Amino acid sequence: MTLANALSWTSGRANGDAIKALLSASAWLSQSGIQEQEGPHAGGFYGWYSTLEHCHSIMFSATTGNAITCMLFLDRMLPGWPRQNPTEQAAFWLLDKAWVADEGGFMVGINPQNDSQVRQIKTLDVAMILNAFVHLHYETDNSFCLSVASKAVDFITQRMMGPNGVPYPLLDVDSATVIQDTSNWRADIQPYLAKISIGLMNYAQAIRSERARTHAIRLLDWACQKAEEKQEGAITSTGRSVHLLPTMYAVDALLVGSVMLDRQRMLEAALKTWRFVADCQLQDGGFPMLVGEGENYERADVCAHFIRAGRLIEALGMLPEGYCLKIDKATKRLCGELANRQPDPKMFGAFNHSGAERPDLQDANTQATMVAIQALSLEAGMPNAASAIARDMLIV
């Protein structure tokens, strides 16, 4: 049996708390106003809603791209869920407001109050948007989606290509220069960049592009090598600190790569790295932002990533003995303290950025909520959720 075939089953799990949280989170994504409904920025997604200041953040390109993918995932998992706006509106916002057509990438973010832009392009952001446009092509059969995706592939594999087949992480738009900063993981060449491979693999499958497939394999093999070199796996670190969220990005990539390419080496690298994160679990079931030195607090998105990856590993028959209890504990934490239950419809149903010990960081967070939706779909025993995420690459 191939790894892809192993994902076609569901465990039959029916976690009632997970089902409730999944339905609430899906309604929040559609109805809370986190996606702008009208005006010149209609379709764009805000990064979060501040529970203290009662206002939205700026709009983010990667969040909007991932929202397209997440909405298409929900269309498959929950037919008839109350989605108000078509995914095409989000795509239009990306093309109208964020696309830098001559580069093929997308601005990091835009403040809709004054149209000011974060004038940088992140390679990983472009890859996640690439993935969304390939999925939109499957959904709409619109060839222009593939045209946008093709330019994104060129941006990643030509404009941003760095040493060892790994792209540089960041481009400054005004100076047209690539950026690498080893003091900041977001601007450094580290294993989290392996997640770029998902968009490349999806594009390669859509048009039978050997170039995109080759670049994806090279990136994943590099991540495997990094995992084999370190006791902790394919971690992302700065100084003496390991950052758990980007480390989970590498796990995502290696899991999807193992399924799409049927590579046991990638699955073993993913499992090794996931076990390291599992062993960082807090007593209450949650996860810290980092392990080591520096400001630290609990992160809901790390918790959701951990659950999602753990259930995919379980679906592949590779979950180590005793680790199911860690996933159950994480799910209880996610559906409890980290879920927003404030009566305000702009917040209720979302997942917070952090826990109660940091009220200043209890924002209703869009990306954390979308990852949680996929994690909870697995926890709720949704048929074929695992194959939709890992085999069909509807992953955020």
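Residues numbered from 1 in each chain as written. Predicted model: local features only at pLDDT ≥ 70, side-chain atom pairs only at ≥ 80, totals over all residues. Heavy atoms only, no water.

Caption draft 1: Expanded view of the nonpolar core. Core analysis: the largest hydrophobic core is formed by 138 residues, its most contacted members being Leu29, Leu130, Leu254, Leu255, Trp274 and Leu334. Ranked by residues supplied to this core, first place goes to helix 9 (residues 244–261) with 12 residues. Setting aside anything within four residues of it in sequence, one finds leucine 334 in contact with Ala300, Cys303, Ala304, Ile307, Ala339, Phe351, Ala372 and Leu376. (Core = buried A, V, L, I, M, F, W, Y, C linked by side-chain atoms within 4.5 Å. Buried < 20%, exposed > 50% of the residue type's maximum accessible area, 1.4 Å probe, protein only. Helix = DSSP H or I, 4+ residues; strand = E, 2+ residues; numbered from the N terminus. Contact = heavy atoms within 4.5 Å.)

Caption draft 2: The arrangement of the state of the cysteines in detail. If you walk through the whole model with that rule in mind, you get zero disulfides. Cysteine cysteine 70 is unpaired, with the sulfur of cysteine 335 as its nearest cysteine sulfur at 15 Å. Relative accessible area serves as the criterion here: at 0%, cysteine 70 is assigned to the buried category. Cysteine 303 supplies the cysteine sulfur nearest to cysteine 324, a cysteine that is in no disulfide, at a spacing of 14 Å. On the basis of relative accessible area, cysteine 324 is assigned to the partly exposed category, the value being 29%. (Disulfide = S-S within 2.5 Å.)

Caption draft 3: Highlighting the side chain of serine 354. Inspection of the secondary structure puts serine 354 in the loop between strand 14 (351–352) and strand 15 (364–365). Discounting chain neighbours no more than four positions away, the residues touching serine 354 are Tyr297, Glu298, Leu338, Leu361 and Gln362.

Caption draft 4: A look at the pattern of salt bridges. For the coordinates displayed, the defined rule picks out 20 salt bridges. Between aspartate 174 and arginine 119 there is a salt bridge, with its nearest N and O atoms 2.7 Å apart. You can see aspartate 174 sitting in the loop between strand 9 (170–172) and strand 10 (177–179) and its partner arginine 119 sitting in the loop between strand 7 (116–118) and strand 8 (120–122), a full 55 residues away along the chain. For arginine 119, a relative accessible area of 32% translates into the label partly exposed. For the salt bridge of glutamate 295 with arginine 358, the shortest nitrogen-to-oxygen distance reads 3.2 Å. Here glutamate 295 is found in the loop between strand 13 (290–291) and helix 11 (300–315), whereas its partner arginine 358 is found in the loop between strand 14 and strand 15, with 63 residues between them in sequence. Of the residues examined, glutamate 295 reaches a relative accessible area of 53% and is grouped as exposed. Beyond isolated ion pairs, a larger network of salt bridges with shared partners links Asp284, Glu298, Arg333 and Glu337. (Salt bridge = Lys/Arg side-chain N within 4 Å of Asp/Glu carboxyl O.)

Caption draft 5: Local environment of the environment of serine 237. Tracing the chain through its elements places serine 237 in strand 11 (residues 236–238). In this structure, the C-alpha to C-alpha distance between serine 237 and threonine 182, residues 55 residues apart in sequence, is 9.5 Å. Sequence-distant contacts of serine 237, defined by excluding residues within four places in its chain, comprise Gln190, Val242 and His243.

Caption draft 6: Local environment of the sheet that holds strand 8. Here we have three strands laid out as an open sheet, ordered 8-9-10, and antiparallel in their pairing. In the strand order of this sheet, the two ends are held by strand 8 and strand 10, each with one partner. Taken over all neighbouring pairs, the strand axes of this sheet differ in orientation by 30° on average, direction set aside. Direction of pairing for strand 9 relative to strand 10: antiparallel, over a ladder of three bridges. Paired with leucine 170 across the two strands is isoleucine 179, which belongs to strand 10. Sheet strands in contact with helix 5 (residues 123–140) are strand 8 and strand 9, and its direction is about 65° off that of strand 8. (Pairing = 2+ DSSP bridges. Axes fitted to C-alpha atoms, helices over the stretch in contact; angles between N-to-C directions.)

Caption draft 7: Seen up close, the sheet that holds strand 7. Strand order across the open sheet formed by three strands is 3-6-7, with antiparallel pairing between neighbours. In this open sheet, the two strands that pair with only one neighbour each are strand 3 (59–60) and strand 7. Sheet topology places strand 3 next to strand 6 (residues 109–111); two bridges connect them, and they run antiparallel. Residue pairing across strands places methionine 59 opposite isoleucine 110, the latter belonging to strand 6. Running over the sheet, helix 4 (residues 87–98) touches strand 3, strand 6 and strand 7 and is turned about 80° from strand 6.

Caption draft 8: Spatial organisation of helix 6 (residues 143–159). Spanning 17 residues, helix 6 covers 23 Å between terminal C-alpha atoms, matching the ideal 24 Å at 1.5 Å per step. Buried within helix 6 we find Cys145, Leu146, Val148, Ala149, Ala152, Val153, Phe155, Ile156 and Thr157. The N-cap residue of helix 6 is asparagine 142: its side-chain oxygen and the backbone nitrogen of phenylalanine 144 are 2.8 Å apart. (Expected span 1.5 Å × (residues − 1). Polar contact = N/O pair within 3.5 Å; in protein donor to acceptor, adjacent residues only side chain to side chain.)

Caption draft 9: Structural context of helix 12 (residues 323–335). The end-to-end C-alpha separation of helix 12 is 19 Å, in line with the 18 Å expected for 13 residues at 1.5 Å each. Buried residues along helix 12 sit against helix 2 (16–31), helix 10 (264–278), helix 11, strand 14 and helix 13 (366–379).

Caption draft 10: Just unusual backbone geometry, in detail. Even without being a glycine, aspartate 115 presents a positive backbone phi close to 65°. Tracing the sequence through the fold places aspartate 115 in the loop between strand 6 and strand 7. Classification of aspartate 115 as partly exposed rests on a relative accessible area of 46%. The phi angle at aspartate 262 is positive, at roughly 55°, despite the residue not being glycine. With respect to the helices and strands, the residue aspartate 262 is situated in the loop between helix 9 and helix 10.

Caption draft 11: Molecular detail of the packing of aromatic side chains. Using the criterion set out here, one finds eight aromatic pairs in the structure. Here the aromatic residues Trp99, Phe106, Phe133 and Phe144 are joined through ring pairs into a cluster of three or more. The lysine or arginine in question, arginine 341, covers the ring of phenylalanine 348, its NZ or CZ lying 5.3 Å from the ring centre. (Phe/Tyr/Trp six-rings, centres within 6.5 Å; stacked < 30°, edge-to-face > 60°. Lys NZ or Arg CZ within 6 Å of the ring centre and 35° of its normal.)

Caption draft 12: How the structure looks around the packing of helix 11 against helix 12. In contact at an axis separation of 9 Å, helix 11 and helix 12 are set at 140° when each is read in the N-to-C sense. Relative to helix 12, the crossing made by helix 11 is left-handed. Residue-level inspection shows Ala300, Cys303, Ala304, Phe306, Ile307, Gly310, Arg311 and Glu314 of helix 11 in contact with helix 12, the latter providing Cys324, Lys326, Ile327, Asp328, Ala330, Thr331 and Leu334. Grouping the constituent residues of the contact of helix 11 with helix 12 by class yields nine nonpolar, two polar and four charged. (Left-handed = near helix turned anticlockwise from the far one by under 90°. Nonpolar A, V, L, I, M, F, W, Y, C, P; charged D, E, K, R; others polar.)

Remember that the coordinates give geometry; whether it matters functionally is a separate question.
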